[in-house]
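The primary structure of each chain is shown beneath.
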Amino acid sequence: MSLEICEVNTPEKLKLKSSIFFKNRIRLIIGPDTECKCTRISEDLYFKQQKYYFPIFEKIIFVKTSNDNQSQNLPLIFKGIFIHEDEIGMIKSLIKENIEKENIKYNKYKKTLDKEISEIIGSLSSEIDNQKKFLKKDYLTKQQYNENIKILLAAYLDIITIKLDKGVNLKNDDRNLINKFYGNMIEGLVSNNILIDVTDDLKESDFQDTEQKNKEF
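Residues numbered from 1 in each chain as written. Predicted model: local features only at pLDDT ≥ 70, side-chain atom pairs only at ≥ 80, totals over all residues. Heavy atoms only, no water.

J.: For this particular structure, what's the right way to read the overall build of the protein?
T.: When helices and strands are counted, the protein shows 4 helices and 7 strands. The linear arrangement of helices and strands in the protein, starting from the amino end, is β-β-β-β-β-β-β-α-α-α-α. Over its C-alpha trace the protein gives a radius of gyration of 28 Å, far above what one expects of a compact globule, namely 17 Å for 217 residues. With the C-alpha coordinates of the protein rotated into their principal frame, the extents come out at 90 × 30 × 25 Å. Expressed as a percentage of the 217 residues in the protein, the buried residues total 35%. Residue pairs at least 24 apart in sequence account for 70% of intrachain contacts in the protein once pairs closer than 6 positions are excluded. Only carbon and sulfur atoms are counted for the fraction: they give 51% of the accessible area of the protein, which is about 14500 Å². In the protein, 35 side chains carry a positive charge and 35 a negative one; their mean positions are 8 Å apart. (Helix = DSSP H or I, 4+ residues; strand = E, 2+ residues; numbered from the N terminus. Rg over C-alpha atoms; globule rule 2.2 N^0.38 Å. Buried < 20%, exposed > 50% of the residue type's maximum accessible area, 1.4 Å probe, protein only. Contact = heavy atoms within 4.5 Å. Areas by Shrake-Rupley, 256 points an atom, 1.4 Å probe, with all protein chains shown as cover. Lys, Arg positive; Asp, Glu negative; His and termini not counted. Charge placed at Lys NZ, Arg CZ, Asp CG, Glu CD.)

Quick look at the structure:
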């Protein structure tokens, strides 16, 4: 059977009691409002039972006694026994190995996401180049060109925002860094491609609104 590592964000809500009938036996009660996340890190360490290890209880291994199909309003109940140092060391090695694997997977995920957003920015640059060609051929007035650029910028800001929002595995710190990096890049595209010498019907506040949206992004 498998080994699950359980992380608890509210350890103060856990209830741990020693058995009155058996030596070295522990009962663990996890209330329904406790934030607990279990991650499977091994499929074949324990052959007869599915085991649970809570790093905050370093010397205890648990099995679940409550039903997985029970109501969410009921507490989870585990029974535990004390384990030896060699078993603790083996579990910690598995935890370390799993963290390393997850880090590799996460970094690969970030590289893929970065490539996808870079391609989106590249598409925006191509769209802007097309607008410049139309302007040179007098297919657009400067006023129309500026309006089109603002529409493109707003649309691509939304595309990137949606893309990042779908990145459920993305850590908040990394999400903020990516937002800032590409937000600055888009702000540069605004500054370099909006025609600031246009006065016919183009309000200064229109450009400021676009610039402010980029800063918020």
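J.: Would you take a moment to explain helix H1 (residues 85-136) for this structure?
T.: Within an α-helix, residues lying three or four positions from one another point in the same direction, as the helix has 3.6 residues per turn. Compared with the 76 Å implied by 1.5 Å per residue over 52 residues, the 76 Å span of H1 between its first and last C-alpha is a close match. Where H1 ends, the next residue or the one after it, Asp 138, has phi of about 65°, a positive value. (Expected span 1.5 Å × (residues − 1).)

J.: Quick question: what am I supposed to make of the pattern of salt bridges here?
T.: It is possible for side chains of opposite charge to pair when their charged atoms get near one another. Here the structure, examined in full by the defined rule, presents 9 salt bridges. Between Lys 110 and Asp 174 there is a salt bridge, with its nearest N and O atoms 3.7 Å apart. On the criterion of sequence distance, the pair formed by Lys 110 in helix H1 and Asp 174 in helix H3 (residues 172-193) is long-range, its members being 64 residues apart. With a relative accessible area of 15%, Asp 174 lands in the buried category. In this structure, Lys 163 and Glu 116 form a salt bridge, with 2.5 Å as the shortest nitrogen-oxygen distance. One end of the pair, Lys 163, is in helix H2 (residues 142-165); the other, Glu 116, is in helix H1, with 47 residues separating them in the sequence. By relative accessible area, which is 29% here, Glu 116 ends up partly exposed. Each of Glu 4, Arg 40 and Glu 43 takes part in salt bridges that share partners, so that together they form one network. (Salt bridge = Lys/Arg side-chain N within 4 Å of Asp/Glu carboxyl O.)

J.: So what exactly am I meant to see when it comes to the nonpolar core here?
T.: Within soluble globular proteins, side chains that are nonpolar tend to cluster in buried spots. With 23 residues, the main nonpolar core has Ile 117, Ile 121, Leu 124, Leu 153, Ile 160, Leu 164 and Ile 178 as its most contacted residues. Broken down by secondary-structure element, the contributors of at least two residues to this core are H1, H2 and H3. If we ignore the near neighbours within four places in the chain, the residues touching Ile 117 are Ile 160, Lys 163, Leu 164, Ile 178 and Tyr 182. (Core = buried A, V, L, I, M, F, W, Y, C linked by side-chain atoms within 4.5 Å.)

J.: Would you mind going over unusual backbone geometry with me for this structure?
T.: Peptide bonds are trans in most cases, and residues, glycine excluded, mostly fall at negative phi. A positive phi angle is found at Asp 138, which is not glycine, with a value near 65°. The exposure class assigned to Asp 138 is exposed, which follows from its relative accessible area of 66%.

Interpretation in functional terms is not warranted from these geometric data alone.
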